[in-house]
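What follows is each chain in one-letter form.
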Amino acid sequence: MKPSGSAKLLKQAESLRWKVGANFQDNLMEAIYTDAAQIADRAVTSPEKQARFDWERTVDDLVTSRIWGFPLMLLMLIGVFWLTIAGANVPSGMLATLLVDNGHAWLKGLSQAIGLPWFLDGLLIDGMYLGTAWVIAVMLPPMAIFFPLFTLLEDLGYLPRVAFNLDNFYRKAGAHGKQALSTAMGFGCNAAGVISTRIIDSPRERLIAIITNNFSLCNGRWPTQILIATLFIGALVPPLYAGLVSALAVVAIALLGIFLSFAVSWGLSRTVLKGEVSTFNLELPPYRPPRILQTIYTSLIDRTLFVLWRAIVFALPAGAAIWLSSNIDIGSQSIAQHIIEGLSPMGLLLGLNGVILLAYIVAIPANEIVIPTLLMLTVLTTGGLSGYGEGAGVMFEGNVADTRAILEAGGWTLLTAINLMLFSLIHNPCSTTIYTIYKETGSAKWTAVASLLPVVMGLAVTFLVAQLWRLFTG
Amino acid sequence: MSEKKIDESLKAAAHSPSASACAACPAHNLGNLRRLGVDMENWDYVVALAGNPNTGKSTVFNALTGLRQHTGNWPGKTVTRAEGGFEVGGARYKLVDLPGTYSLLSTSYDEEIARDFILFGQPDVTVIVVDATRLERNLNLVLQVLEITNRAVVCLNLMDEVRRLKLEIDERRLARDLGVPVVPTSARYKEGLPQLLQAISEVASGEVVCKPHRIQGGVSEFQQAIDRLASEVEQNFPGIPNPRWIALRLLDGDERIVKAVENGELEALVASQQEAPPAGSSHGLRLEVAQ
């Protein structure tokens, strides 16, 4: 075909387009719907006028109701976290006894027996092994309970209902309603959440969704929240209520995240990303009875082990680096101590400490290793270090109270715990997510905005909380 | 002939008109598939998996390929393409899981991926996974896919739900109305998969020739405009399998399609389709005109 042929064709199309007019899309949709209705009608026979109880509709009316939708959502979340926290306590303790106390002592004994040089012994056992052992002890049990529960809710079809409930807020915030879906996806993994914003057509709204996705607590941050809430918030009340109160604290942080994603969306859509809100259809999928065993299996493989593996992969080198930096001295102090002392004034101003700030720098590749890094740095740079190694098994009895003891030895207070939970919610995305944002937006500028905005916000929030706290508690 | 001359004559051959036969040889569309990121080495056929979100598409994908892509009751789970493979009757099939979409008309990223793959990738078979309990709504996409390709199989999934809801679906009637094979399945429980594989291989090998339904409803003025432009499209691209759909998109001012007309991409596609019908089916000659 010659170019003129195609030019002619396009011209004809254009002139016909004028004739059919602006209703073309409507006409086409109508034509398709007419055919679809006719064909479906001929093929499907419904049972006679069913008077029977339609439980699906009833459930939907309830979970998406204006009055009950949100309370039910909260209840569901609290239930999930309560089960996680209450259930993870015992296995966590057992794993800690096994890996941190006995395993560590056994390895130490072994290295003495074969006469390993002290630096190799330290680097491999006190650094890499201990870091990894902590990752497993602290993170595996809550994840093994939380992720299957979360996946069950997902398979049941509950998440789209959550999106439905949130849609109205997103629209009011000037964002796309589908952002509710990418936000929900972000509760699993922010990198996946950022990719899932592809379902949003308008570039403006997609950018908003990408930038705010980080406010969805991700797989790597849930364990931090759960652990710190258990250690410091749950401990404020009698043991009977500890699980419930810790769960409430985690839910509060998650809700704060959702609120922040509204607030930031609202701010962006009123300033740098102004524009119209698009409409869309959200299909509420039918409830499907989840296949429980298969769900547990796949969520253990896909999520729990995936996250755990990621944590281990990053914990190994991080453990080595931390051990090296706390054992190589410059002047009278180790490198780690120099850095921590440098960061301390700022940390204290924020109601955190130097160790936490350093841990967040170490954990840029993966949020999963914040807690193990914190524990190692605290142990290696405070008095907790002494007696460690020979007196193996003395220091850690293998329950959460000991983890708390380590942190308290590092000067932690309730304020530190609360601000850590806040900062864990509001800080830069992990490097995988940052890279994904860059790939999806293709813009260094927006990647920078998405990475730096949360850090700045996190610093501001923790600073404010610290000042108010000190003002009121003297 | 000196070496140099041979060299030159080879070069000349490469530029002579007869060399454009290359564009028509069976391997030609490989280029397009490769551009779409599909590696066709070691595969005999490409099968695309399309469907509305949340119809169990990924479950069908996993069941056919034995892979374990994450599935979920969750519209928008698959926004990228997943690939896997399976073997039936000695032929090797590559299965490409497209993003779930409600239509192929708008311009969101996921719909574009699905549309481009079916149009430019020219899969040997497009399997459209349908939620049998919501047939009418799902047919919207089916009808749109059937405008683009002649080689499709409808996978009537979630039949377990259909039984639970006590619905009855006459799949033969449906197959007749749609003009393509319809296979009831319940992928979660691995029901109907052998039949689905059978249907895929029959369509891929050309044993079964589809006569897909073409959109007929709507006001007559609208249909007339499509018919007119469609015949124009057909004149320009003799043998094009989907003139009506191209006409539809041109009328809608779809820039991607306008571009494909302008830069000769469409022409090359038609040529490759005509010259390389799988297993010698009369592909490209069965132009169903709306009655």
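Rules of the game
- Within each chain, residues carry numbers counting from 1 in the order of the written sequence.
- Chains and ligands are labelled sequentially in the order written, the chains with letters from A and the ligands with numbers from 1.
- Where local features are concerned, this predicted model is filtered to residues with pLDDT of at least 70; where side-chain atom pairs are given and counted, the filter is 80 or more; whole-chain, interface and lining totals use all residues.
- Here the side-chain values reflect all heavy atoms present in the structure, with hydrogen atoms and water set aside.
- Put simply, DSSP marks the helices as runs of H or I at least four residues long and the strands as runs of E at least two long, and each gets a number from the N terminus on.
- In what follows, a contact means two residues having at least one pair of non-hydrogen atoms within 4.5 Å.
- For the accessible areas, the method is Shrake-Rupley and the probe is 1.4 Å, while residue cover comes only from the protein chains on display.
- Any residue under 20% of the maximum accessible area for its type is buried, any over 50% is exposed, and the rest in between are partly exposed; the area is computed with a 1.4 Å probe on protein chains only.
- By buried area we mean how much accessible surface two parts lose on assembly, using a 1.4 Å probe and totalling the loss over both.
- We define a polar contact as two N or O atoms separated by no more than 3.5 Å, with the added condition that, inside protein, one atom must be a possible hydrogen donor and the other a possible acceptor, whereas residues neighbouring each other in sequence contribute only through side-chain atom pairs.
- Paired strands, as defined in this entry, are two strands with at least two bridges between them according to DSSP.
- Patches draw on residues past 30% relative accessible area with no salt bridge. Two like charges within 9 Å are joined, as are two nonpolar side chains (Val, Leu, Ile, Met, Phe, Trp, Tyr) within 5 Å.
- For salt bridges, the criterion is a side-chain nitrogen of Lys or Arg within 4 Å of an Asp or Glu carboxyl oxygen.
- To estimate the expected span of a helix, subtract one from its residue number and multiply by 1.5 Å.
- Whenever a helix is involved, its axis is fitted only over the stretch in contact; in every case the axis is a line through C-alpha atoms, and angles between N-to-C directions fall within 0 to 180 degrees.
- Buried Ala, Val, Leu, Ile, Met, Phe, Trp, Tyr and Cys residues form a nonpolar core when they are joined through side-chain atoms within 4.5 Å.
- In this analysis, rings of Phe, Tyr and Trp, with Trp reduced to its six-membered ring, are considered paired at centre separations within 6.5 Å, and the interplanar angle assigns stacked below 30 degrees, edge-to-face beyond 60, and tilted for intermediate values.
- Each angle gets one of four labels, with under 35 degrees taken as roughly parallel, over 145 as roughly antiparallel, 65 to 115 as roughly perpendicular, and the rest as oblique.
- Two helices cross in a left-handed way if the nearer one is turned anticlockwise from the farther one by less than a right angle. They cross in a right-handed way if the turn is clockwise.
- pLDDT is a per-residue confidence score from the predictor, ranging from 0 to 100.
- Any cysteine sulfur atom paired with another within 2.5 Å is treated as part of a disulfide.
- Charged means Asp, Glu, Lys or Arg here, nonpolar means Ala, Val, Leu, Ile, Met, Phe, Trp, Tyr, Cys or Pro, and polar covers whatever is left, Gly included.

Trainee: Explanation requested: the overall build of chain A in the structure shown.
Mentor: On a plain count of helices and strands, chain A comes out with 19 helices and three strands. Considering only intrachain contacts with a sequence separation of at least 6, the fraction spanning at least 24 residues in chain A is 79%. Working note: accessible area of chain A is about 21100 Å², and carbon and sulfur atoms make up 69% of it.

Trainee: Honestly, the overall build of chain B in this entry has me stumped. Any pointers?
Mentor: The number of helices and strands found in chain B is 13 helices and seven strands. Taking all 291 residues of chain B together, the buried fraction comes to 58%. Across chain B, every contact between residues at least 6 apart in sequence was considered, and the portion connecting residues at least 24 apart equals 69%. Roughly 11900 Å² of accessible area belongs to chain B as shown, and the carbon and sulfur atoms make up 50% of that amount.

Trainee: Please explain the interface of chain A and chain B as it appears in this structure.
Mentor: Where interface size is quoted, it is often the accessible area lost as the parts come together. Tallying the contact residues gives 61 residues for chain A and 68 residues for chain B. Of the roughly 6100 Å² buried between chain A and chain B on both sides combined, carbon and sulfur atoms contribute 59%. Seen at the junction of chain A and chain B, the total is four residue pairs in polar contact (both at pLDDT 80 or more). It is helix α2 (residues 24-43) of chain A that provides the largest number of residues to the side of chain A that touches chain B, a total of 16 residues. Sheet analysis places strand β1 (residues 44-45) of chain A next to strand β6 (residues 168-169) of chain B, joined by two bridges and oriented antiparallel. Bridge pairing in β6 of chain B links T45 of chain A to E168 of chain B.

Trainee: Looking at this structure, I do not really get a nonpolar patch on the surface. What am I missing?
Mentor: All names here are of chain A. On the surface, W82, L83, L244 and L248 cluster together into a nonpolar patch covering about 350 Å² of accessible area. Of all the secondary structure elements, the ones that give two or more residues to the nonpolar patch are α4 (69-113) and α11 (239-270). With respect to the helices and strands, the residue L244 is situated in helix α11.

Trainee: Whenever I open this one, helix α19 (residues 444-473) of chain A confuses me. Can you help?
Mentor: Since there are 3.6 residues in each turn of an α-helix, residues three or four apart along the chain are aligned in direction. Residue and element names in this part refer to chain A. Across its 30 residues, α19 extends 43 Å between first and last C-alpha, which sits within 8% of the 44 Å expected from 1.5 Å per residue. Where α19 is concerned, the buried positions are W446, T447, A450, S451, P454, M457, G458, T462 and A466. Looking at the buried residues of α19, the elements they touch are α9 (203-212), α11, α13 (335-349), α17 (414-425) and α18 (431-441).

Trainee: Sorry, what's going on with the sheet that holds strand β2 (residues 82-88) of chain B here?
Mentor: Sheets are built from strands paired through backbone hydrogen bonds, the pairs being either parallel or antiparallel. Residues and elements named next belong to chain B. Strand order across the open sheet formed by six strands is β2-β3-β1-β4-β5-β7, with mixed pairing between neighbours. Taken across any chain shown, the strands that pair with only one partner, and hence form the sheet edges, are β2 and β7 (182-184). Strand-to-strand twist across the sheet, computed as the mean angle between neighbouring axes with direction ignored, equals 25°. Of the pairings in the sheet, the one linking β2 to strand β3 (residues 91-97) comprises seven bridges and is antiparallel in character.

Trainee: Even after reading the chapter, I still don't get the environment of F232 of chain A, so can you show me in this structure?
Mentor: All names here are of chain A. The topology assignment puts F232 in helix α10 (residues 222-233). As a C-alpha pair, F232 and S246 span 14 residues in sequence and 8.5 Å in three-dimensional space. For F232, the residues in contact, after removing those within four places along its chain, are R404, L407, E408, W412, T413, L414 and A417.

Trainee: Just checking my understanding: could you explain the pattern of salt bridges for this structure?
Mentor: Pairs can form between side chains of opposite charge whenever their charged atoms are close. Residue and element names in this part refer to chain B. Scanning all chains against the criterion turns up 23 salt bridges over all chains. Across the pair D116 and R115 runs a salt bridge, and its minimum N-O distance is 3.1 Å. Linked by salt bridges that have partners in common, R115, D116, R249, D252, D254, R256 and E265 make up one network.

Trainee: Honestly, the nonpolar core in this entry has me stumped. Any pointers?
Mentor: Side chains of nonpolar character tend, in soluble globular proteins, to be buried together. Counting 105 residues, the largest nonpolar core has F81, W134, W222, I228, L374, W412 and L420 of chain A as its most contacted members. Broken down by element, this core gets its largest block of residues, twelve residues, from helix α5 (residues 118-156) of chain A. Setting aside its immediate chain neighbours within four residues, L420 of chain A contacts I228, L352, I356, Y360, L374 and W412 of chain A. In this structure, Y45, A132, L139 and L193 of chain B belong to the second largest nonpolar core, which totals 95 residues.

Trainee: Please clarify how the packing of aromatic side chains should be interpreted in this entry.
Mentor: Each pair of aromatic rings is reported with the distance of its centres and the angle of its planes. Going through the model one piece at a time under the given rule, you end up with ten aromatic pairs over all chains. For the ring pair F81 of chain A and W222 of chain A, a centre distance of 4.9 Å and an interplane angle of 35° mean the geometry is tilted. Here W222 of chain A lies in helix α10 and F81 of chain A lies in helix α4, a separation of 141 residues in the sequence. Accessibility classification places F81 of chain A together with W222 of chain A in one group, the buried group. Taking the centre distance of 5.2 Å and the plane angle of 5° together, the rings of F86 of chain B and Y93 of chain B count as stacked.

Trainee: What am I meant to see in the packing of helix α10 (residues 220-236) of chain B against helix α11 (residues 243-251) of chain B here?
Mentor: For any two helices packed against each other, one specifies the inter-axial angle together with the distance between the axes. Residues and elements named next belong to chain B. Look at α10 against α11: their axes get within 8 Å of each other, and the N-to-C directions meet at 115°. In terms of their interaxial angle, α10 and α11 are classed as roughly perpendicular. Once α10 is placed against α11, the crossing between them reads as right-handed. Two secondary-structure elements touch here, α10 through F222, Q223, A225, I226, D227, L229, A230, V233 and E234 and α11 through P243, R244, I246, A247, L248, L250 and L251.

Trainee: Looking at this model, I keep getting lost on the confidence of the model for chain A. Mind explaining?
Mentor: As a note on interpretation, predicted positions should not be read in detail where pLDDT is low. When the pLDDT values of chain A are averaged, the result is 82; 91% of them are 70 or greater. Contacts for the low-pLDDT stretch residues 384-398 of chain A, under 50 throughout, to residues beyond four places or in other chains number 29 contacts.

Trainee: Even after reading the chapter, I still don't get the confidence of the model for chain B, so can you show me in this structure?
Mentor: All names here are of chain B. Residues at a pLDDT of 70 or more form 73% of chain B, whose mean pLDDT is 76. Within the model, the stretch residues 276-291 combines pLDDT values under 50 with 27 contacts to residues more than four positions away or in other chains. Predicted complex metrics record ipTM = 0.75 and pTM = 0.63.

Trainee: Looking at this structure, how should I read the state of the cysteines?
Mentor: Chemically, a disulfide is nothing more than a covalent bond linking the sulfur atoms of two cysteines. Residues and elements named next belong to chain A. Enumeration over the complete set of coordinates arrives at zero disulfides over all chains. We note that C430 lacks a disulfide partner, and the nearest cysteine sulfur, in C218, lies 6.4 Å from it. C430 sits in the buried class, given a relative accessible area of 9%.

Trainee: Can you help me understand unusual backbone geometry in this one?
Mentor: Leaving glycine aside, a negative phi is the common case for residues, and trans is the common case for peptide bonds. All names here are of chain B. Unlike most non-glycine residues, Q122 shows phi in positive territory, near 40°. Within the secondary structure, Q122 is located in the loop between α5 (109-120) and β4 (125-131). Take Q122: its relative accessible area is 12%, and that puts it in the buried class. A positive phi angle, near 60°, is found at K166, a position not held by glycine. Turning to its location among the elements, K166 is positioned in the loop between α7 (159-164) and β6.

Trainee: Just checking my understanding: could you explain the packing of α5 of chain B against helix α12 (residues 255-262) of chain B for this structure?
Mentor: All names here are of chain B. At a minimum axis separation of 12 Å, α5 and α12 run at an interaxial angle of 25°. Considering the angle they form, α5 stands roughly parallel to α12. The handedness of the crossing between α5 and α12 is right-handed. Contacts between α5 and α12 pair R115, D116, L119 and F120 from the former with R256, I257 and A260 from the latter. For the contact of α5 with α12, a count of residues per class yields four nonpolar, no polar and three charged.

Trainee: Would you mind showing me how to read the pairing of β2 of chain B here?
Mentor: The two faces of a sheet get side chains in turn, since along a regular strand they alternate between them. On β2 of chain B, burial follows the alternation: A82, G84, F86 and V88 of chain B on one face are buried, whereas E83, G85 and E87 of chain B on the facing-out side are not. Taking the residues that link successive antiparallel strands as the turn, the β2 of chain B-β3 of chain B hairpin has two residues, and the phi of G89 of chain B there is positive, at about 50°.

Trainee: Sorry if this is basic, but what is going on with the environment of L135 of chain B here?
Mentor: Along the chain, L135 of chain B turns up in helix α6 (residues 135-148). Sequence separation of L135 of chain B and L156 of chain B is 21 residues, and the distance between their C-alpha atoms is 8.6 Å. Beyond its immediate stretch of four places on either side in the chain, L135 of chain B contacts A40, A43 and V44 of chain A together with V130, L156 and L174 of chain B.

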